[in-house]
Amino acid sequence: QFGARGVTLQIPAWTGPQAICERILARRIRRPGDNPMSFNELGLSAELLRAVKEQGYEEPTPIQRQAIPHILDGHDILAGAQTGTGKTAGFTLPMLQLLENPPSGPRRVRALILTPTRELAAQVNESVHTYGKYRPVRAMEIYGGVSPRPQITKIKRGVDVVIATPGRLLDHVRQGNIDLSFVEMFVLDEADRMLDMGFIRDIKQIIKHLPEKRQNLLFSATFSKEIRELANKLLDHPAEIQVAARNATVDRVEQLVYPVDKGRKRELLSEMIGRGNWQQVLVFTRTKHGANRLAKQLNQDGITTDAIHGGKGQGARTKALRDFKAGKTRVLVATDIAARGLDIQRLPHVVNYELPHVPEDYVHRIGRTARAGQDGTAVSLVCIDEQKLLKDIEKLLKRAIKKEYVPGYEVDKRIKAEPVQKGKSRRPGGPGPAGRKKAGKASGARRPGKNARNNNQRKRFSKSARSSVS
Ligand code: AMP
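Quick summary incoming for the structure in this document. (Residues numbered from 1 in each chain as written. Predicted model: local features only at pLDDT ≥ 70, side-chain atom pairs only at ≥ 80, totals over all residues. Heavy atoms only, no water.)

Description of the pairing of strand β9 (residues 281–284)
Move 1: Burial along β9 is two-sided: the face carrying Val281 and Val283 and the face carrying Leu282 and Phe284 are both buried.
Move 2: As defined by bridge partners, β9 adjoins strand β11 (residues 331–334) across four bridges and the pair is classed as parallel. Looking at the pairing, Val281 lines up with Val331 of β11.
Move 3: The pairing of β9 with strand β12 (residues 349–352) spans four bridges and is parallel. Its bridge partner being in β12, Phe284 is matched across the sheet by Asn352. (Buried < 20%, exposed > 50% of the residue type's maximum accessible area, 1.4 Å probe, protein only. Helix = DSSP H or I, 4+ residues; strand = E, 2+ residues; numbered from the N terminus. Pairing = 2+ DSSP bridges.)

Shown next as C-alpha cells:
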C-alpha cells in the first residue's frame, strides 16, 4: 500500500525495480473530483511524453486515462471504446513502454495488433511510429492486396511490433515466414468489426500460434454475445473499461436527417457542399458502384471527389485517402468496409448519402467526425425507401434524429416506397452464416470481408487484387 489514500499497486514480476520506482513516483494517486489528469501522471517515460507533446495533446482522453495504468501494470483489458476516443494511443503508448528493453539476440515479434482493415492497420502503424519516435522499437504493417515479398524481407530483418489484418498474417504464419511464439502483448482492435467481417476463425488460428503467457487487450465499440464469448476465452481477469455507453454515438456530433427523394439526393448534396462551403466531406454509399457513380457526378458538378472501396487496388485506396487528407480532393465517397477505422484529423462533415443496412454501421460512420473532442456534423439524406433503416438506427440510438427540410427539395408524396436491395451491397461477412463459414478459407491477396461476396464478385475482385500486386 502506498500513501495515505491506501491504494494498492500491483507490482508485476516482469519489470525491473527502477522502472517500478519511476512509475510509482510518476503516477499520482487520484480521487474522484480531482482536476483533469495530465499525461505526466500516467507513468509514461520521458521519450513517450515528448512524442505525445509534439502531437499537441494537452491531456489524456478518458480511455487513455483508464487503460494506460492497467496496461502498464500488466493486466489484460476489455475496453469498450469506439474509434475517435483516442484508443490507439491508449494501447500504443503503454505497449511502447513495456517493449522498453529488447532482450539480447535477434529482434522478435513481441507485440501483435490485429485490425479489421488495411487502412486501420496502416493508421495504427503510423501511430506506433509517431509515439515511438524516440524509442528503439521497430514496427511494420502486414495486410493483403499487396505483394507479400517486401513484407517477408522486413520480417526477416527483425521487427518488434506487427500490426496486421488476420488473413495475410495467417498466410505468413502458415508459410513459416513469421514466428509469433515470442509475442508478449496481443491486441485485438475493433474486435466487433473483425467478427462482423467473418474473421473469427482466422483470429482463433492466429491465437494458436501465440505463447500461452501473454498480455491481451481487446477493444470493441460494441459488446455482442460473440464478443463476450471471445473475451471470456481470451482474457485473464481483465480490467473492464467503458468510455462510451454501448452503441452511443459520439456526443459532439450534430446529427441531422434531410428527407429527400432518391433521384434528387445528388443535387441536394452538391448544393449543401457548395452553399455550406464544406471543404472536407466524407460521404457514405452502400455499394462500390454507387460510390463510383456519385464520385463521377460530383466531379461533373465541379467538386473534386474520389472514391474508396474494396473494388479498388491498395495503391488507389492509399492515394485517395492521402489526397483527401491533404485537401487535394474535397469529397471522399466511401463504402462501409473501406472506411472502417479511417482516422482523418479534424474531419468536420460526414454525409450518409445512403443509410447502411446495419444500424451499428451508422454509429461507425458518424464516428469519423468529431474525433477526440472536436465538433462535427453528420448529415443523412433519407429517401422514402429508407424509412425502415432510419427507424432501426433511431431504435439503436434510443432517440429520434432531428429532421430538417431544404426548400425546393420537398419530398414527392406520390413516390411509393420500394424495398432497399440488399443483394450485392450486403455487408460482407454480415448476419448470414455463409459469409462466416467461408471465412478463413480464402488465401493469397485477401481483403477483409471478401469471403462473403458472391462468386462473381470474388472473381472480379481477385483480378483487381492481382493487378494491384504486379
Ligand atoms: P483513435 O480513437 O485512436 O482513432 O484516435 C482518434 C484521434 O484522436 C486521432 O487523430 C489522435 O491523433 C487523436 N488523439 C489521441 N489522443 C489524443 C489526446 N489525448 N488529445 C487529443 N487528441 C488525441
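Observations concerning the pattern of salt bridges
Move 1: Considering all chains together, one arrives at 26 salt bridges under this definition.
Move 2: Note that Asp361 is salt-bridged to Arg193, the shortest N-O span being 2.4 Å. With Asp361 in helix α15 (residues 359–366) and Arg193 in helix α8 (residues 191–196), this residue pair connects regions lying 168 residues apart in the sequence. You'll find Asp361 and Arg193 in the same group, each marked buried.
Move 3: Ionic pairing is found between Lys388 and Asp392, a salt bridge with its closest N-O pair at 2.9 Å. Placement of both Lys388 and Asp392 in helix α16 (residues 387–397) is noted, with a separation of four residues, approximately one turn of the helix.
Move 4: Residue classification places Lys388 among the exposed positions, given a relative accessible area of 55%. (Salt bridge = Lys/Arg side-chain N within 4 Å of Asp/Glu carboxyl O.)

Side note on unusual backbone geometry
Move 1: Notably, Glu190 is not glycine yet its phi reads approximately 50 degrees, a positive angle.
Move 2: Here Glu190 lies in the loop between β5 (185–188) and α8.
Move 3: Judged by relative accessible area, which is 3%, Glu190 ranks as buried.
Move 4: Phi is positive for His237, close to 40 degrees, though the residue is something other than glycine.
Move 5: Structurally, His237 is set in the loop between α10 (225–234) and β7 (239–242).

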